[in-house]
Amino acid sequence: MLCTQKTEMMKTERVQNSINNLLASKERITAAIDGPCASGKTTLAKKLSDIFDANVFHMDDFFLRPEQRTKERLSVPGGNVDYERFYDEVLSKLCDNKPFSYRPFCCKTMTLLKPVLVKPKRLNIVEGSYSMHEALRSFYDLSVFLDISPLEQKERILKRNPQNADMFFTKWIPLENMYFEECKIKEKCKIKL
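For clarity, every value in this text was computed on a predicted model and none was experimentally measured.

Peer 1: Help me out: how do you make sense of the sheet that holds strand β2 (residues 55-58) in this one?
Peer 2: Taken together, the five strands give an open sheet; going across it, the order is β2-β7-β1-β8-β9, and neighbouring strands pair in parallel fashion. With partners counted over all chains shown, the strands left at the sheet margins are β2 and β9 (191-192), one partner each. Of the pairings in the sheet, the one linking strand β1 (residues 29-34) to strand β7 (residues 123-127) comprises five bridges and is parallel in character. By the bridge assignment, T30 is partnered in β7 with N124. Those strands touched by helix α2 (residues 41-52) are β1, β2, β7 and β8 (142-145), and its axis lies near 170 degrees from that of β7.

Peer 1: In this structure, what is going on with the pairing of β2? I would like to understand it.
Peer 2: Looking down a regular strand, the side chains alternate between one sheet face and the other. Only one face of β2 is covered, namely the face carrying N55 and F57; the face carrying V56 and H58 is uncovered. Note: β2 against β7, four bridges, orientation parallel. Bridge pairing in β7 places N55 opposite N124.

About the thresholds
Residues numbered from 1 in each chain as written. Predicted model: local features only at pLDDT ≥ 70, side-chain atom pairs only at ≥ 80, totals over all residues. Heavy atoms only, no water. Pairing = 2+ DSSP bridges. Helix = DSSP H or I, 4+ residues; strand = E, 2+ residues; numbered from the N terminus. Contact = heavy atoms within 4.5 Å. Axes fitted to C-alpha atoms, helices over the stretch in contact; angles between N-to-C directions. Buried < 20%, exposed > 50% of the residue type's maximum accessible area, 1.4 Å probe, protein only.

Below, the structure is given as structure tokens:
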């Protein structure tokens, strides 16, 4: 347990140092944290948000709505996320540096929720699989790839979401893996952890 905590602390410090270096020369930065499900992206984003008082945007809030989930769309690497809506509602607005709102998608109800109001901050973090989609990656000042072994991933998923684990193993993880491999996401990230 102590070894795991020390490793996580070192990962956080490495990203924190990179962010500090960027903030020394830029007024605002946007960072992406991509990687397989259960690799710790949300946890890292939360830690960084606490340190820097950053906004965090979750790619889970931009999964495809039911009517968008066509065979054609899901056969395209990274097609599992509504990157068009994410660009329109979040990334393009961050560039304007003015308050804005977006509507998160709820996987439980399969609907868009009420708008969330956002005020841009010096650091804005986008976390989640598909955050480094080809249509989005040019907007980031920093990109991080968090990796995890298949065994540890399986253990974490079974622990945190046992009722939906089969869906992860048979559908979501294969879609993620197709995206990572075909789009060379790990290789395109500046920091690999």
